[in-house]
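The residues making up each chain are set out below.
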2 protein chains.
Amino acid sequence: MRDRRQHKCLERTMSDTLLPDDIFVEDLGEQELLQRLQQFCPAELVGDDAAVLTPRPGYALVVTTDMLVDGVHFATGAATLGKWTTSPRDVGWRGAAANLSDLAAMGAQPLGITVSLGLPPQTPVRWIDELYEGMVACLNVHQAPILGGDLCRSPILTLSITALGEVLPDQQILRSTAQVGDAIVATGRHGASRAGLELLLNPEWGKELSLQAQNILKQAHQRPTPRLDIPPLLEQIDSTVRVAGMDSSDGLADAVLQICRASGVGAVLWQSRLPIPDALRHTQSLTEQELIDWVLYGGEDFELILCLPLTIAEMLVLKLGPQAAIIGQIVADPAVILADDSGQPLGAPLSLEQGFQHFS
Amino acid sequence: MRDRRQHKCLERTMSDTLLPDDIFVEDLGEQELLQRLQQFCPAELVGDDAAVLTPRPGYALVVTTDMLVDGVHFATGAATLGKWTTSPRDVGWRGAAANLSDLAAMGAQPLGITVSLGLPPQTPVRWIDELYEGMVACLNVHQAPILGGDLCRSPILTLSITALGEVLPDQQILRSTAQVGDAIVATGRHGASRAGLELLLNPEWGKELSLQAQNILKQAHQRPTPRLDIPPLLEQIDSTVRVAGMDSSDGLADAVLQICRASGVGAVLWQSRLPIPDALRHTQSLTEQELIDWVLYGGEDFELILCLPLTIAEMLVLKLGPQAAIIGQIVADPAVILADDSGQPLGAPLSLEQGFQHFS
């Protein structure tokens with residue numbers, strides 16, 4: 001049992017023993033694979049029925065979980081031939097980042113994650129090694145260890161991550177505490193991940209973008225950064241300020257709608273303030289409406305949408321520079337509308353139906 | 001944020017609105033299904049990006065996770081026709097019980113679980129309702145809430161549970177602390193779950209057993225009891241005693257072998273002391289060797305195998321009555337052998353290869 005600061009993930013341990021693609025899970029057996037993966041975990045945390053760790057005194061525990069499925073959230077493609085459509089390192093990074101983003105959205109800092117894997121017997125062991133390398137690369141930025149997990153056979157490659165974090169009770173960020181008059185802050189830019197996906201899937205798209213712009217957008221999709229930097233910044237500015245918020249994993253509009261629903265309020269978003277990625281500002285590959293749709297509904301940017309008093313919001317934006325913006329304000333009327341600079345609505349109120357429906 | 005004792009799972013909320021079998025996940029959509037399942041969770045814990053809870057001061061946090069896959073760990077069979085081979089309530093109970101058993105094996109008490117579900121769009125919603133009813137039925141025995149989770153689409157019904165618990169640091173049960181001379185205690189009986197499975201799968205088997213005996217064995221398989229009663233008992237007897245141990249989810253022999261490997265010791269198990277279920281003592285459906293194999297390698301009994309000083313072991317067995325036994329002792333020679341009452345080995349040392357290999 002250790003303080004979390006003493007843990008160190010063992011990055012790239014596995015790359016020392018690069019495997020050919022034709023060594024499969026079934027060739028190793030469960031015990032050997034477990035021992036292989038335990039090298040990615042701090043030795044003092046694994047090897048028992050459960051991992052033990054200690055949040056700092058006075059901190060509350062935060063827990064969140066996500067499941068990722070081959071063919072739904074990523075694509076191994078012809079994985080058995082060693083040619084996978086999505087890089088396993090990216091799958092690992094994104095899986096870890098999505099969970100750390102949920103912690104950031106609660107105002108928390110990470111203690112670690114658990115990883116459960118459902119594996120077809122024909123999964124190349126190298127795919128799993130690289131998955132873990134991707135997770136650890138993301139986790140190491142935040143000194144968060146892999147705390148253990150489970151392996152089992154499955155017809156479909158499935159990854160389930162649970163992240164644990166800690167937060168001081170009075171610094172929790174909840175969805176339900178937005179108040180009329182709050183400024184709405186979006187960190188980062190939105191729609192970049194959606195554009196990155198388009199670049200990866202459709203080689204004909206975005207050809208007029210510079211290579212640098214293309215890389216920034218692809219990176220936004222493949223290596224999103226959880227905004228764990230935001231809670232300490234808020235604490236610096238005002239450690240007692242009430243902040244409502246959530247992350248924008250399901251899109252900017254979804255986040256605003258969820259916060260408004262949980263808080264019993266509405267919101268006005270100013271179209272001219274939408275956080276459009278620089279790379280997309282002058283593209284001919286999108287109509288203006290398509291661009292706005294990607295910013296609002298693209299999803300997977302893993303930024304934070306925060307509602308807080310205007311003066312605090314302005315200080316936060318000042319600290320973050322161009323990578324944050326006040327995009328609207330909370331109002332009493334329980335609709336979320338997009339408006340022009342004079343406050344006139346542009347079209348019908350936003351709704352969740354325009355977003356992604358996982359079972360449709 | 002609440003103390004865990006204030007949480008109350010909402011048992012059978014869903015049975016108030018019994019569904020026909022032809023309402024499928026795809027008919028509801030993610031939001032509606034989420035709202036339906038949130039009724040099984042304490043309202044103060046769900047609805048945000050993550051759940052927040054507080055272990056008691058001085059306690060360490062314990063975390064464990066398991067993945068269960070349709071066709072591997074349970075069988076929905078013709079689930080889309082409403083005729084499933086494994087009852088979803090049993091799947092839920094066993095999934096929760098397996099995770100709580102890992103907490104008991106660490107000497108911990110539960111704080112709650114998270115549940116991630118990968119769902120084919122054609123999954124009947126009633127199957128999911130009953131899965132949650134089974135989980136909650138098991139959790140309510142131990143006042144442990146469902147803390148939240150994740151839903152996603154998947155070609156294969158997949159369930160991932162992470163359990164959180166708390167333990168006083170000096171009352172942790174580890175695999176690595178067994179010492180030469182320790183008595184080995186098995187709680188409960190072993191092989192009962194394996195026999196229950198045989199009764200369920202093979203209607204020709206065990207016909208000479210009384211109906212009561214058959215029910216006890218089936219119950220052992222379908223509704224195993226995590227031994228969360230053991231850590232408080234040990235604390236009563238001697239709150240400072242060193243206890244090594246783990247649960248017997250992968251079999252009695254596996255547990256002894258894992259403890260010995262982690263502790264760098266060996267063990268002698270006395271064949272005459274093996275914890276055979278009463279119902280199987282005089283059955284004609286098994287040879288003596290088959291019976292011993294089931295007791296040693298059957299698995300899924302979710303009992304505890306504990307190594308501790310003989311005097312403490314005797315007090316524990318006295319408290320537990322016939323539902324516990326001293327079955328052997330820890331020795332310096334790093335093999336695990338089965339012996340007769342005079343200590344003479346019966347056959348070759350036990351090995352993990354005789355147990356279940358998940359990827360074979």
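See the structure above.
On a predicted model such as this, the values are computed, not experimentally measured, just so you know.

A.B. asks: If you had to explain the overall build of chain A to someone new, which residues and values would you point to?
C.D. replies: Looking only at helices and strands, one finds 10 helices and 11 strands in chain A. Radius of gyration (C-alpha) of chain A: 21 Å, near the 21 Å computed for a compact globule of 360 residues. Counting only C-alpha atoms, chain A reaches 65 × 55 × 35 Å along its principal axes. Contacts in chain A between residues at least 24 apart in sequence constitute 86% of all its contacts with a sequence separation of at least 6.

A.B. asks: Before we move on, could you go through unusual backbone geometry and cite the residues and values that matter?
C.D. replies: Its identity is not glycine, yet E300 of chain A carries a phi of approximately 65°, on the positive side. With respect to the element layout, E300 of chain A can be found in the loop between α9 (288–297) and β9 (304–308). On the accessibility criterion, E300 of chain A (30% relative accessible area) is partly exposed. Residues other than glycine seldom take positive phi values, yet Q143 of chain B does so here, at roughly 50°. Tracing the backbone shows Q143 of chain B in the loop between α4 (125–140) and β4 (146–153).

A.B. asks: Go over the interface of chain A and chain B with me, naming the residues and quoting the values.
C.D. replies: Counting residues at the interface gives 65 residues for chain A, matched by 64 residues for chain B. Overall, the association of chain A and chain B removes approximately 5,400 Å² of surface from exposure, summing both partners, and the carbon and sulfur fraction of that is 61%. Inspection of the region where chain A meets chain B yields zero salt bridges. Connecting chain A to chain B are 10 residue pairs in polar contact (both at pLDDT 80 or more). A total of nine residues in the side of chain A that touches chain B trace back to one element, the largest contributor, which is strand β2 (residues 60–69) of chain A. Considering only residue class, the side of chain A that touches chain B consists of 32 nonpolar, 22 polar and 11 charged. When strand β1 (residues 51–53) of chain A meets strand β2 (residues 60–69) of chain B, the two strands line up antiparallel, connected through three bridges. Directly across from L53 of chain A, in β2 of chain B, lies its bridge partner L61 of chain B.

A.B. asks: How would you summarise the environment of A267 of chain A if you had to cite specific residues and measurements?
C.D. replies: Residues and elements named next belong to chain A. Along the chain, A267 falls in strand β8 (residues 266–270). Separated by 64 residues in the primary sequence, A267 and V331 place their C-alpha atoms 5.1 Å from one another. Setting aside chain neighbours within four positions, we find A267 in contact with I184, V256, C260, Q329, I330, V331, D333, A335, V336 and I337.

A.B. asks: Break down the sheet that holds strand β11 (residues 336–339) of chain A for me, with residues and values.
C.D. replies: Hydrogen bonds between backbone groups are what pair the strands of a sheet, and the pairing can be parallel or antiparallel. Residues and elements named next belong to chain A. Strand order in the open sheet made by the six strands is β7-β9-β6-β10-β8-β11, with mixed pairing throughout. In the strand order of this sheet, the two ends are held by β7 (244–247) and β11, each with one partner. When the angles between neighbouring strand axes are averaged without regard to direction, this sheet yields 25°. Across four bridges, the pairing between β7 and β9 is antiparallel. Bridge pairing in β9 links M246 to I305. The strands that helix α3 (residues 88–105) touches are β7 and β9; relative to β7, the one it contacts most, it runs at about 180°. Relative to strand β10 (residues 324–331), helix α10 (residues 310–320) is tilted by about 165°, and along the sheet it contacts β6 (183–187), β9 and β10.

A.B. asks: Which residues make up the relation of the copies chain A and chain B, and what are the values?
C.D. replies: Expressed as a screw operation, the relation of chain A to chain B combines 0.0 Å of axial shift with a rotation of 180°, fitting to an RMSD of 0.0 Å. Given the turn and translation reported, the copies of this chain are related as if by a two-fold rotation axis.

A.B. asks: Describe the sheet that holds strand β5 (residues 158–167) of chain B, naming the residues involved and giving the relevant values.
C.D. replies: Taking strand neighbours across the sheet as the criterion, the five strands line up as β1(A)-β2(B)-β5(B)-β3(B)-β4(B) in an open arrangement whose pairing is mixed. At either margin of the open sheet sits one strand with a lone partner, and together these are β1 of chain A together with β4 of chain B. Across this sheet, the average inter-strand angle for adjacent strands is 20°, counted without regard to direction. In this fold α4 of chain B packs onto β3 (109–119), β4 and β5 of chain B, with an angle of close to 170° to the strand it touches most, β3 of chain B.

A.B. asks: Now, about helix α3 (residues 88–105) of chain B: what can you tell me, with residues and values included?
C.D. replies: Residues and elements named next belong to chain B. Helix length check: α3 (18 residues) gives 26 Å between terminal C-alpha atoms against 26 Å at 1.5 Å per residue, within 8%. Within α3, 17 of the 18 residues are buried, leaving the element largely enclosed by the surrounding structure. Measuring from the side-chain oxygen of the N-cap residue of α3 to the backbone nitrogen of R89 gives 3.1 Å; that N-cap residue is S87. Remark: G107 follows α3 within two positions and exhibits a positive phi of approximately 80°.

A.B. asks: Can you tell me about the packing of aromatic side chains, naming the residues and giving the values?
C.D. replies: Residues and elements named next belong to chain B. Scanning all chains against the criterion turns up six aromatic pairs over all chains. For the pair F40 and Y132, a centre-to-centre distance of 5.3 Å together with 35° between the ring planes defines the contact as tilted. Placement of the pair is F40 in the loop between α2 (30–38) and β1 (51–53) and Y132 in helix α4, with a sequence separation of 92 residues. For the pair formed by F40 and Y132, the shared burial category is buried. Ring centres of W205 and W294 lie 5.4 Å apart, and the angle between their planes is 45°; this geometry places the pair in the tilted category. One end of the pair, W205, is in the loop between α5 (192–201) and α6 (211–222); the other, W294, is in helix α9 (residues 288–297), with 89 residues separating them in the sequence.

A.B. asks: Tell me about the pairing of β11 of chain A, and name the residues and values.
C.D. replies: Across a regular strand the side chains alternate sides, sitting on one face of the sheet and then on the other. All names here are of chain A. Of the two faces of β11, the one lined by V336 and L338 and the one lined by I337 and A339 are each fully buried. In terms of strand pairing, β8 meets β11 through four bridges, oriented parallel. Note on β11: the bridge partner recorded for L269 is L338.

A.B. asks: Tell me about the packing of helix α8 (residues 252–263) of chain B against α9 of chain B, and name the residues and values.
C.D. replies: Residues and elements named next belong to chain B. Following both chains from N to C, one finds α8 and α9 inclined at 50°, their axes separated by 4 Å at the closest point. One finds that α8 runs oblique with respect to α9. Here L252, A253 and D254 of α8 come into contact with α9, specifically with V295, L296 and Y297. A class-by-class count of the residues in the contact of α8 with α9 yields five nonpolar, no polar and one charged.

A.B. asks: Hey, could you go over the side chain of H221 of chain B for me, with residue numbers and the actual values?
C.D. replies: Structurally, H221 of chain B is set in helix α6. Those residues in contact with H221 of chain B that lie beyond four places of it in its chain are R94, S193, G196, L197, L200 and E300 of chain B.

A.B. asks: Pulling in residues and values, what's your account of the environment of C41 of chain B?
C.D. replies: Residue and element names in this part refer to chain B. Relative to the assigned elements, C41 resides in the loop between α2 and β1. Here C41 falls in the buried class, since its relative accessible area comes to 6%. Along the backbone, C41 and E30 are 11 residues apart, and their C-alpha atoms lie at a distance of 17 Å.

A.B. asks: Residue-level account of the pairing of β2 of chain B, with values.
C.D. replies: All names here are of chain B. Most of β2 is tucked away: 10 of the 10 residues are buried. The side-chain alternation of β2 yields two buried faces, one formed by A60, V62, T64, D66 and L68 and the other by L61, V63, T65, M67 and V69. In this structure, β2 lies alongside β5, joined through 10 bridges in antiparallel fashion. Bridging across to β5, T64 finds its partner in A163.

Here is what the cut-offs are and how they apply
Residues numbered from 1 in each chain as written. Chains lettered and ligands numbered in written order. Predicted model: local features only at pLDDT ≥ 70, side-chain atom pairs only at ≥ 80, totals over all residues. Heavy atoms only, no water. Helix = DSSP H or I, 4+ residues; strand = E, 2+ residues; numbered from the N terminus. Rg over C-alpha atoms; globule rule 2.2 N^0.38 Å. Contact = heavy atoms within 4.5 Å. Buried < 20%, exposed > 50% of the residue type's maximum accessible area, 1.4 Å probe, protein only. Buried area = accessible area lost by both parts, 1.4 Å probe. Salt bridge = Lys/Arg side-chain N within 4 Å of Asp/Glu carboxyl O. Polar contact = N/O pair within 3.5 Å; in protein donor to acceptor, adjacent residues only side chain to side chain. Nonpolar A, V, L, I, M, F, W, Y, C, P; charged D, E, K, R; others polar. Pairing = 2+ DSSP bridges. Axes fitted to C-alpha atoms, helices over the stretch in contact; angles between N-to-C directions. Least-squares fit on C-alpha atoms with pLDDT ≥ 70 in both. Expected span 1.5 Å × (residues − 1). Phe/Tyr/Trp six-rings, centres within 6.5 Å; stacked < 30°, edge-to-face > 60°. Parallel < 35°, antiparallel > 145°, perpendicular 65-115°, else oblique.

Coordinates in, geometry out; function isn't part of it.
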